[in-house]
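Report on the structure
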Amino acid sequence: MVSFFRLRILLLAALASACTARAEVLFDNLGTGDNVGYTVQVPMRWANRVPVGPAPARITSVALDMVNAHNPDTPFTMEVCGSAPGDGAPANDCQPFTATAMAPSPGPTTFTGSYTARASSQVWVIFADPNGPAGRGYRQVNRSSTGGHLCRDYMGWRCFTQSWVMQLQGTLLPMASSASPATGLFNGGLTVTIEGARLAGATAVTFGGTPAASFRVDSDTRITAVSPAHAVGPVAIEVTTPDGTATLDAGFTFVAPVDGACGSAQGQPTSAAPTANLCSTGQASNVLLPPGDRTAYQWTCAGLYGGATSPQCTAPSLLPFITQANPASAGSNGGDQVRLTGHALSGTTAVTFGGVAATRFTVDNATQITATTPAHAAGLATVEVITPHGTAQHTGFGFVQSVNGACGAATGRPSITPPAADFCSAGPASPVQSAAGSYTWTCAGANGGSDSGLCSAPWANVGTGKGSVQVGGSGGWQVQSAAFGSNLPAPLPVGTRTDFTPLALTLAGGTPGASASVTVRYTQPVQPGTVYLKHGASPEGLGCTGAAACALPHWYALPGAVFAPDGLSVTFTLTDGGAGDSDGAANGQITDPGLPALLAAAPTGAQAIPALGPWALVLMSLIAAGAASRRLRKSIQK
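Residues numbered from 1 in each chain as written. Predicted model: local features only at pLDDT ≥ 70, side-chain atom pairs only at ≥ 80, totals over all residues. Heavy atoms only, no water.

1. Description of the confidence of the model for the protein
Worth spelling out the cut-off: pLDDT runs from 0 to 100 and stands for how confident the predictor is about each residue. When checking whether two residues touch, look at their non-hydrogen atoms; a contact exists if any pair is within 4.5 Å.
Of all residues in the protein, 78% have pLDDT values of 70 or greater, and the mean over the chain is 82. Low pLDDT, under 50, characterises residues 32–42; the stretch is placed with 36 contacts to residues that sit more than four places away or in other chains.

Below you can see the structure in the form of structure tokens.
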């Protein structure tokens, strides 16, 4: 006979006293209501599945409201089990409960025994009528107000949408719910906090059967214990109290110190920070890609339980980056070669400058690319290198406006000395070359611009040809002014001929009294026998006799002047305050008018000299004496 019932779980957390445990109502769905009867088969077995609260409990009595109508004096049999038969319950998991006699209905019959139930589990209260004959058994129960169904059909059991009404009483046992920390060194000495309930009055605390080094009962819900030395591995913590023993299975693990060690991610190239296999032992730190060295990801493995930290673990980074572009700028016309230096550049598939593809590029190695710039507007341009593992960007690059070289105002302007300014209207000038009657140079393009054609300036006119002047030698002399003039400073000596105009040359910047070497080049050769005539004051004997005469300007042949074999140049030495310096003073400035000339021939065929020095006079005396001797011999012969 089965009836509906009302479930009420009364889990009372009353503290047990230090001496005697108090009985608690653990489960109760006894109630009042109508009596209902059914005719059933024999043998009959029924069961209630009763939940256990969050604390372990020792069940000591079960009150069951029922009556055996045909044999009131024969009590039902009863067991309290951890599970129903066939559910895989462990052996000896059932405990018998007995009653001396059945109580009349309504009224509960009390069965007594002892069964310890685990916290947050369930128990089965199984009862049966061993004697009721088939078809005559009558069972009377109090009807449930809720019709809660806690029974099931299994192995010949009878189960309806009703369940028996009953009350369970027993004792709530001490409970250990957690230990913190839950891991410690095998040599002990770690302070561990054990949380639970009904722990007051604890008399012992053990770790895997080994007593704690010491313990202190802080409250009914907390104990502080010091772990003992113990073999490595997980163990149960047991707290013994007058009401029983609280067990925390695998509540603590004894360990040995563990040194940190890099895992299999060590040394493995990667384009992203590794997240797995960082450490084979120990606790991994954060994985970093240091800004100062982005070539490898770095981390360490901290030792556990006092173990040492590993050396630095690294994994080469495949993430590309660019550190430098050399040069850092290029012309807007494009076509400049730029060397990109960086990391992980192998396999590069594209190089762009400000979004425009490089004209061409070569991957020299994993750290260098040589690229040819495209045409691009002037301004900053981000360089991008695309690889299979990512894109590298470099922002420190720019395009500047290309400038084509162009000849300047010096072009075509006749000059006696190499031009000193106005070489180029755009672009830098090359060194000036001087040959074949003209000065030549080029103007280089800037920032990728094209070079100019050949720029040139003719030598200045020197009579029927052209000429130029070059000053060399030591002493620091420089051309202060130079010009081929059309007017002579004074008439030439009688019979002297020349096709050249006089050179007015002023040198400055030299050491007073020092000499300067001067080379004059012509486009028209001088005639054989030409001398270089100078005009001005001179030392004694150079076309003059006596200090007064030599201080006056006059023409004289400059000693040491040497014409080139081809007659196209002459080189001579000018001395400040001496030969060639018309101002006659050693003052750091040389004034030098002069020109090449062919002197008049003497009657004997010798060249005339406009002013003779002492040695010339001796030579003339010897010539005259010889002539007189010849005339005398002829006279005698006659």
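2. A word on the state of the cysteines
Which entries qualify depends on this criterion: Two cysteine sulfur atoms form a disulfide, by the criterion used here, when they sit within 2.5 Å. Secondary structure elements follow DSSP: runs of H or I of four or more residues count as helices, runs of E of two or more count as strands, with numbering from the N terminus. Each residue is placed in one exposure class: buried if its accessible area under a 1.4 Å probe, protein chains only, is under 20% of its type's maximum, exposed if it is over 50%, and partly exposed if it falls in between.
Under the counting rule described, the total for this entry stands at six disulfides. Here Cys-424 connects covalently by a disulfide to Cys-443, the sulfurs 1.9 Å from one another. What sets the handedness of the Cys-424 and Cys-443 disulfide is the S-S torsion sign, and at about -95° it is left-handed. Pair noted here: Cys-424 is in strand β38 (residues 424–426) and Cys-443 is in the loop between β40 (438–441) and β41 (455–458), with a separation of 19 residues, a long-range link. By relative accessible area, Cys-443 is classed as buried at 0%. Covalently, Cys-544 is tied to Cys-550 through a disulfide, its sulfur atoms 1.9 Å apart. On the sign convention where negative is left-handed, the bridge of Cys-544 and Cys-550, at about 100° about the S-S bond, is right-handed. For the pair formed by Cys-544 and Cys-550, the shared burial category is buried. What connects to what in the protein, once the bonded cysteines are numbered by sequence position, is 1-2, 3-6, 4-5, 7-10, 8-9, 11-12.

3. Some thoughts on the nonpolar core
Selection rule: Residues belong to one nonpolar core when they are buried, are Ala, Val, Leu, Ile, Met, Phe, Trp, Tyr or Cys, and are joined through side-chain atoms within 4.5 Å.
Core analysis: the largest hydrophobic core is formed by 26 residues, its most contacted members being Val-62, Val-123, Val-125 and Leu-168. Counting only elements with at least two residues in this core, the list comes to β1 (24–28), β4 (57–65), β5 (77–81), β7 (108–117), β8 (122–129) and β10 (166–172). With 25 residues, the next largest nonpolar core counts Ala-514, Val-518, Leu-558 and Phe-572 among its residues.

4. Focus on the pairing of strand β13 (residues 191–197)
Definition in use: Strands qualify as paired when DSSP identifies two bridges or more between them.
With five bridges joining them, strand β11 (residues 175–180) and β13 adopt antiparallel strand pairing. Residue Ser-180 lies in a different strand from β13, and its bridge partner there is Thr-193. Alignment of β13 against strand β17 (residues 222–226), held across five bridges, turns out to be antiparallel. Residue pairing in the sheet places Thr-191 in a bridge with Val-226 of β17.

5. Here we look at the packing of aromatic side chains
The description of an aromatic ring pair uses the distance of the two centres, along with the angle that the planes make with each other. How we decide: The rule is short: rings of Phe, Tyr and Trp, with Trp giving its six-membered ring, pair when the centres are within 6.5 Å, and they are stacked under 30 degrees, edge-to-face over 60, tilted in between.
The final tally for this structure, using the stated rule, is 10 aromatic pairs. Between the aromatic rings of Phe-207 and Phe-252, the centroid separation amounts to 5.4 Å while the plane-to-plane angle is 80°, which identifies the pairing as edge-to-face. On the criterion of sequence distance, the pair formed by Phe-207 in strand β14 (residues 204–207) and Phe-252 in strand β19 (residues 244–255) is long-range, its members being 45 residues apart. For the pair formed by Phe-207 and Phe-252, the shared burial category is buried. Seen in terms of ring centroids, Phe-397 and Phe-399 are 5.5 Å apart; in terms of plane orientation they differ by 85°. Their pairing is edge-to-face. Note on Phe-397: relative accessible area 1%, which makes it buried. The buried category is assigned to Phe-399, whose relative accessible area is 3%. Here a set of aromatic residues connected by ring pairs shows up, and it is made of Phe-207, Phe-252 and Phe-254.

6. Let's talk about the environment of Thr-247
Mapping Thr-247 onto the fold places it in strand β19. Taking the C-alpha atoms as reference, Thr-247 lies 8.7 Å from Pro-174; in sequence the two are 73 residues apart. When residues no more than four places from it in sequence are discounted, the contact partners of Thr-247 are Ala-176, Ala-236, Ile-237 and Glu-238.

7. Remarks on the pairing of strand β34 (residues 383–387)
Burial of β34 is one-sided: the residues Val-383, Val-385 and Thr-387 facing one way are buried, the residues Glu-384 and Ile-386 facing the other way are not. Relative to β34, strand β29 (residues 350–353) is paired through four bridges, and the arrangement is antiparallel. Across the sheet, residue Ala-350 finds its bridge partner in β34, namely Ile-386. Sheet topology places β34 next to strand β35 (residues 390–394); five bridges connect them, and they run antiparallel. Looking at β35, one finds that Val-385 is bridged to Ala-392. Taken together, β34 and the strand that follows it, β35, pair antiparallel across an intervening segment of two residues.

8. Remarks on unusual backbone geometry
The residue after Ser-180, namely Pro-181, is reached through a cis peptide bond having omega -10°. By secondary structure assignment, the location of Pro-181 is in the loop between β11 and β12 (183–185). Cis peptide bonds are those with omega within 30 degrees of zero, and the linkage from Asn-326 to Pro-327 qualifies with 0°. Among the secondary structure elements, Pro-327 is positioned in the loop between β26 (321–326) and β27 (329–331). Although it is not a glycine, Arg-198 adopts a positive phi angle of roughly 55°. Within the fold, Arg-198 resides in the loop between β13 and β14.

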